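# Coordinates in review
So the chains spell out like this:
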Amino acid sequence: MKRNHPGLIAIAIAIALFLFLFLIGPILSVIYTAFTDGQGGFTLSHFLAFAEISLMRESFANSLFVAGTTVACATVIAIPLAYLTMRFQFRGAVLIQTLGVLPLVMPAFVGAAAMQLIFGRSGAVNLILMDNFGISIPVMEGLSGIIFVETLHYFPFILLNLSASLATIDSSMEEAGQNLGASGWRLFRKVIFPLALPGYIAGASLVFIKVFDDLGTPLVLNVTNMLAPQAYLRVTSIGIEDPIGYVICVILVIFSIAAMAGSWWFVKRRDYALVSRGGAQAPKRKLTNWQTALAYGWIIGILMLVLSPHLGILLMSLFKVWSFSVLPEQFTLVHYATIFTDAKQMIWNTILYCGLAAFVDIIIGGAIAYIVIRTTIPGRQILDHLVTVALAMPGLVLGIGYLRAFRGIELPFGAGAFTASWLIFVVAYSVRRLPYALRSCMAALTQVHPALEEAAENIGAGRWRTIRKIVIPLMMGGLLAGFVTSFITAAAEISETILLTSRESLAPMSYGIYLYFQSIAGRGPGAALSVVAISIVALGTYMTHRLAAAATPHQNVGNRT
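Below: a short report on this structure. This one's a predicted model, so the numbers in the text were calculated from it and none came from an experiment.

### What about the side chain of S263?
- Among the secondary structure elements, S263 is positioned in helix 13 (residues 243-268).
- On the accessibility criterion, S263 (15% relative accessible area) is buried.
- For S263, the side chain forms a polar contact with the main-chain oxygen of M260, separated by 2.7 Å.
- Ignoring any residue separated from it by four or fewer positions in sequence, one finds S263 in contact with I201 and S205.

Shown next as structure tokens:
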């Protein structure tokens, strides 16, 4: 039974105000600045000025090219991996799926630094090729380097979504295709892939958005002729009043929203639902000997590429010198001693900012989930839609929006400017990571049967006591999973962090890693700090899976009631 408690209505209004103030407001300030002149009148002159600058046109074309090419390359890697592990029998399929998502544990810009030492002009691979064959592969040069790094980092988005879609295809659909004479490539092209297309489109759109908006990787690789780096450079070098930077932000927002909306439209225009319900998953087929050899060859080659950044960062952190040599030299732990001496404040800042942001996310996410699912408050779905906006917003845009919207805002009690305080990190991280926590909370709440709440209320428990004693304990697994997910994704954030860091004493680890990698001498400490960050993210990812698994039995009790 759904009822609208006055307190819940007040909470819904407060959450809406929070989202308008810290999400919609900064975005609108960016859009307003891009479309107005010095007197506040509407104008398109800034966009015309953008189009007249050759560097801007080149940056726009480069961003589209890099994003589109990365999606294509990620597709080439992800589709065979998903199809092989989901449709054929061979040892190590689970391990392959696990290692396949390992790139997401490491921030893309961290992997870029390691890939330079392995695949760069003077990297280990090219040194071996030059010594033995007299050739080199310029894979890390310019835009190709970004495409290479981003492909290896983001292809798991397609792999995960496509694997999930393949797992839900009814075996009868494939059997029908085989009965009509389809097999091999024809069966995949005509039957299997079209049915799994929603998963592929969802993954591909995420890859496009992530690459198109990425700031850290181009900066680490010293590539500035792309939109995100140009927006950052315009705002930081020319100033917060430069209109071209805001024009770039608007373009980033338009393409991000278009990618999400386009994927939704593409899937919705056709019906992918299966007629049969409860159908068994298609049985896994056996590979012939030569097919097995080809499959393992492909998979081992991909996994070697996927794991190379992690290995490179670890080696860089443990050795003093790695320059113009295949392997690093002079084992040392001094880099770790350096970061625990010089960067311990950054580590603490990361734990503080991300922990508080994650706590805010599960509070707001849990409240929104309850309001949307358990009440009939008019307009409650708007809260869900507002949170979804954050998923499509580039961190760069929100960062610039915060600097614009909250400039001159002073904190009470003489705490200084809001944009120069640690609170801005907590707010920015919580707003951008709120969609992850919300999805976890909504998934957990849907598995808590309303009859349990009704039973508590029937024996005299009020609404708030029921929520505190029944709902929250049964949702605890989802709440904790949402907390950890928000924490680990915020810890890897770089776009907002670079813009919002006003002084080094406030910087989190991601900013410290970026600073260290700006110089050759700082590579070792930067790698060591990266290992610490990766360890935190990996531990958080492991905890998320354990917490979700531990919560499942309790949630099932609600479903059986």
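### What about the pattern of salt bridges?
- Following the criterion strictly, the structure yields seven salt bridges and no others.
- With a shortest N-O distance of 2.9 Å, D242 and R234 are connected by a salt bridge. Take D242 and R234: they sit in the same class, and that class is buried.
- With a shortest N-O distance of 3.0 Å, R432 and E493 are connected by a salt bridge. One end of the pair, R432, is in helix 19 (residues 423-446); the other, E493, is in the loop between helix 21 (463-491) and helix 22 (495-500), and 61 residues separate them in sequence.
- Overall, R432 belongs to the buried group, its relative accessible area being 13%.
- Residue classification places E493 among the buried residues on the basis of a relative accessible area of 4%.
- Beyond isolated ion pairs, a larger network of salt bridges with shared partners links E241, R404 and R407.

### Regarding the environment of R503
- Mapped onto the secondary structure, R503 falls in the loop between helix 22 and helix 23 (509-516).
- In this structure, the C-alpha to C-alpha distance between R503 and S421, residues 82 residues apart in sequence, is 9.4 Å.

Here is what the cut-offs are and how they apply
Residues numbered from 1 in each chain as written. Predicted model: local features only at pLDDT ≥ 70, side-chain atom pairs only at ≥ 80, totals over all residues. Heavy atoms only, no water. Helix = DSSP H or I, 4+ residues; strand = E, 2+ residues; numbered from the N terminus. Buried < 20%, exposed > 50% of the residue type's maximum accessible area, 1.4 Å probe, protein only. Polar contact = N/O pair within 3.5 Å; in protein donor to acceptor, adjacent residues only side chain to side chain. Contact = heavy atoms within 4.5 Å. Salt bridge = Lys/Arg side-chain N within 4 Å of Asp/Glu carboxyl O.

Purely geometric numbers; function is a separate question.
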